[in-house]
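Observations on the three-dimensional arrangement
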2 protein chains.
Amino acid sequence: MVPSAGAGTVADAVHEFELIERIIARLRDTARGNGVVLGPGDDAAVLEIPGGHQLVVSTDTLVADRHYPSGACADAIGYRSLAVATSDLAAMGATPAFATVSLTAESLTVNWAERYADGLAAAARDFGIAIVGGNVARGPESVTVTVHGYVPNGAAITRSGAGPGDDVYVTGSLGGAGLALADENLGEWSLVALKDDSPLKRYWMPQPRLQLGIELRGIASAAIDLSDGLSSDLDHLCRASRVGCEVDLDAIPLYPGAAADDAVAMGDDYELAFTAHRDAQDAVDALSREHGVRITRIATLQRDVRPGVSWTRQGEAADVRPGYRHFK
Amino acid sequence: MVPSAGAGTVADAVHEFELIERIIARLRDTARGNGVVLGPGDDAAVLEIPGGHQLVVSTDTLVADRHYPSGACADAIGYRSLAVATSDLAAMGATPAFATVSLTAESLTVNWAERYADGLAAAARDFGIAIVGGNVARGPESVTVTVHGYVPNGAAITRSGAGPGDDVYVTGSLGGAGLALADENLGEWSLVALKDDSPLKRYWMPQPRLQLGIELRGIASAAIDLSDGLSSDLDHLCRASRVGCEVDLDAIPLYPGAAADDAVAMGDDYELAFTAHRDAQDAVDALSREHGVRITRIATLQRDVRPGVSWTRQGEAADVRPGYRHFK
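Residues numbered from 1 in each chain as written. Chains lettered and ligands numbered in written order. Predicted model: local features only at pLDDT ≥ 70, side-chain atom pairs only at ≥ 80, totals over all residues. Heavy atoms only, no water.

Examining the overall build of chain A
Along the backbone of chain A there are 9 helices and 13 strands. Its C-alpha radius of gyration of 20 Å places chain A within 12% of the 20 Å reference for a compact globule of 328 residues. Expressed as lengths along the three principal axes of its C-alpha atoms, the size of chain A is roughly 65 × 50 × 35 Å. By the burial criterion, 60% of the 328 residues in chain A qualify as buried. (Helix = DSSP H or I, 4+ residues; strand = E, 2+ residues; numbered from the N terminus. Rg over C-alpha atoms; globule rule 2.2 N^0.38 Å. Buried < 20%, exposed > 50% of the residue type's maximum accessible area, 1.4 Å probe, protein only.)

Remarks on the sheet that holds strand E5 (residues 130-138) of chain A
Here we have 6 strands laid out as an open sheet, ordered E5(A)-E4(A)-E6(A)-E3(A)-E2(B)-E1(B), and mixed in their pairing. Strands at the two margins of the open sheet, each flanked by one partner only, are E5 of chain A together with strand E1 (36-38) of chain B. On average, each strand axis in the sheet is tilted by 20 degrees relative to the strand beside it, whichever way the strands run. Relative to E5 of chain A, strand E4 (residues 95-105) of chain A runs parallel, the two sharing 8 bridges. Following the sheet pairing, Ser 102 of chain A is matched in E5 of chain A by Asn 135 of chain A. Helix H3 (residues 110-127) of chain A contacts E4, E5 and strand E6 (142-152) of chain A of the sheet and is inclined by roughly 165 degrees relative to E4 of chain A. (Pairing = 2+ DSSP bridges. Axes fitted to C-alpha atoms, helices over the stretch in contact; angles between N-to-C directions. Contact = heavy atoms within 4.5 Å.)

Here we look at the nonpolar core
As a rule of thumb, nonpolar side chains are buried together in soluble globular proteins. Core analysis: the biggest nonpolar cluster contains 73 residues, and Leu 82, Ile 131 and Trp 204 of chain A have the highest contact counts within it. At 12 residues, helix H2 (residues 74-92) of chain A tops the list of elements feeding residues into this core. Contacts of Trp 204 of chain A, omitting those with residues within four sequence positions, involve Tyr 68, Pro 69, Ala 72, Ala 76, Ile 77, Tyr 79, Arg 80, Leu 186, Gly 187, Trp 189 and Leu 194 of chain A. Leu 27, Leu 62, Ile 157 and Met 205 of chain B belong to the second-largest nonpolar core, a separate cluster that totals 72 residues. (Core = buried A, V, L, I, M, F, W, Y, C linked by side-chain atoms within 4.5 Å.)

Concerning helix H9 (residues 281-291) of chain B
All names here are of chain B. Where H9 is concerned, the buried positions are Val 284, Leu 287 and Ser 288. One side of H9 holds all its buried residues, which, seen down the axis, span an arc of 100 degrees. Those residues of H9 that are exposed and angled more than 90 degrees off the buried face are Asp 282, Arg 289 and Glu 290. In this structure, the buried residues of H9 make contact with strand E7 (167-171), helix H6 (210-215), strand E10 (272-276) and strand E11 (295-300). One or two residues past the end of H9 sits Gly 292, with phi positive at roughly 60 degrees. (Arc of directions from axis to C-beta.)

Concerning the interface of chain B and chain A
When the parts of a complex come together, some accessible area is lost, and that lost area is often taken as the interface size. Opposite the 65 residues of chain B that make contact, chain A presents 65 residues. Counting the surface lost from both chain B and chain A, the interface buries some 5,100 Å², and carbon and sulfur atoms represent 57% of this. Arg 159 of chain B is the partner of Asp 42 of chain A in a salt bridge, and the nearest nitrogen-oxygen pair spans 3.9 Å. For the interface between chain B and chain A, the tally reads 18 residue pairs in polar contact (both at pLDDT 80 or more). Per-element accounting of the side of chain B that touches chain A gives the leading share, 9 residues, to strand E3 (residues 53-63) of chain B. A class-by-class count of the residues in the side of chain B that touches chain A yields 28 nonpolar, 23 polar and 14 charged. For strand E2 (residues 45-47) of chain A and E3 of chain B, the ladder comprises 3 bridges, and the chain directions are antiparallel. (Buried area = accessible area lost by both parts, 1.4 Å probe. Salt bridge = Lys/Arg side-chain N within 4 Å of Asp/Glu carboxyl O. Polar contact = N/O pair within 3.5 Å; in protein donor to acceptor, adjacent residues only side chain to side chain. Nonpolar A, V, L, I, M, F, W, Y, C, P; charged D, E, K, R; others polar.)

Examining the relation of the copies chain B and chain A
Note on the chain copies: they are related by a rotation about an axis and a translation along it. The operation relating chain B to chain A is a screw motion whose rotation component is 180 degrees, with 0.0 Å of axial translation and a residual RMSD of 0.0 Å. Viewed as a symmetry operation, the transformation between the two copies matches a two-fold axis. Distance from the rotation axis, computed per C-alpha, reaches its smallest value in chain B at Pro 140 of chain B: 3.2 Å. Of all interface residues in chain B, 100% are interface residues in chain A too; the two copies therefore contact each other through one and the same surface. (Least-squares fit on C-alpha atoms with pLDDT ≥ 70 in both.)

Focus: the pattern of salt bridges
A side chain with one charge can pair with a side chain of the opposite charge if their charged atoms come near. All names here are of chain A. Evaluation of the coordinates by the stated rule reveals 30 salt bridges over all chains. With a shortest N-O distance of 3.0 Å, Arg 32 and Asp 29 are connected by a salt bridge. Of the charged contacts in the structure, one is a salt bridge between Asp 235 and Arg 239, with a shortest N-O distance of 2.5 Å. Within this pair, Asp 235 and its partner Arg 239 are both found in helix H7 (residues 230-241), separated by 4 residues, close to a single helical turn. The exposure class of Arg 239 is partly exposed, given its relative accessible area of 46%.

Right under this line is the structure:
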């Protein structure tokens, strides 16, 4: 598998260590501030940790032909891989800080590697993340990103803090990224070609709800990011909190043109689902206005029901597909 | 690619989330202490950071059929993947603390996943590491580990601190793991079958020089772990420090039965190469005695030479192969 069509010729192929140097050069500007004492290029990175804060860590892998089309543009892969991982920080209410990135590919040209690093650097700047280290190895194409952020001691928002009576909210709209999957040229888009607010941009450049996540500290009782699909992800939150709820498909905020059945079963939107005590409704509304982000109340959590989510459509029980699963 | 021969039948295959639950159950005991506030199972892990310390972070990927034989025993893969990543902490003089692990495989059975987690847990206990999170995805088999440790503020040992006149040392002996590569059944060994001090155990269960690395803080001027081979790795250290040295192949401490040419060009031993001011020789000797670890002085760094390593054999210039490269 060659990482990308049109990504340079064999004549571009260079020695591994030079390749790493070239990638690091493109990422160097991101590795300033954020407590970086020692960035890429040594055995490990060294970071200063702010006092009074806890570290928040999450890791995600994207595999070519599974999580994105094989042969996709390198810059789009770079951007999306960091965005997807960073969304977990948003769900925890963490302030993004730094990340390591491991890339495997069967062959690598300078052109491909530099475009990949450019996409990664663009996402790093957008999300305020320093790329502090990584790894390059030969193998089937995949990218693993480990992201790190901070929360004030004890302020992390988990999946398990929801209680009966809390309201369930969803940010933004669902189903946009799923529409992009129908584009048969999905793998041919580079970042600069993506139009604002198009489903393709939603897919390749998801925007984790970082600022909203930070401001939900102390308001949300639980949160999860929507990577696999609301049907699976909200179910995880409910089971972790040992509560249940009934959600009507008509209550789901939809991306224009998306169908509710698809929107709740398909992932990749990287919106947040969160819960909050009913007294917090004014605070939630204020956040929505302040950030210009639609926040929709879709359900209320119940005690004395089976933990998890039951789906209805106009009050009648509805079948909903589970979200994305790797191993069925 | 099925993760391992004999690793259970299709009847064992279970739902992805149950599989993750089973893996987490095997790792739960490791995720205690070490400042773990929230372990695996949420969007991210949460960690307390000790005051007066800096965080040290490194990531490594092992790809099946490239870094280890395809079809290898799951527990051996689990152990080795954590050991290899942790060796970078030893080179920095860091105290190990926690790690995240991302596994991709084309199919996963309960049996394979549990054995893999058992190997990972064994290494985690041996090295004092909490496994705090991870990811499981379908794809060609590979493991990416991101390890984290701590050093007192400013105490990290880097590759770039060596100066002219410093002595160059190597821990233990080289070439043992390389001998294991000649074993045509290398992929069929599980952890319990490995005999102490055999080349096979060196390969599957490398023991990062963690305690030695910690005690080298303030003694070593620079250090690097030997993953790709001394010829490449010492060259990296010298170039990072802008110094050069001449190393005689006869000075290399060899694993019984290993040839010097192979021992310096093959990686996988995960010993340390480090440098220290000549006044530190007594301190180095004391560490060697105290830990029962052979530490061999192999060269002295010179100014006014081309940065990097020149090789000799009995005083005559010698050709030495570079260490392992993914992209040539």
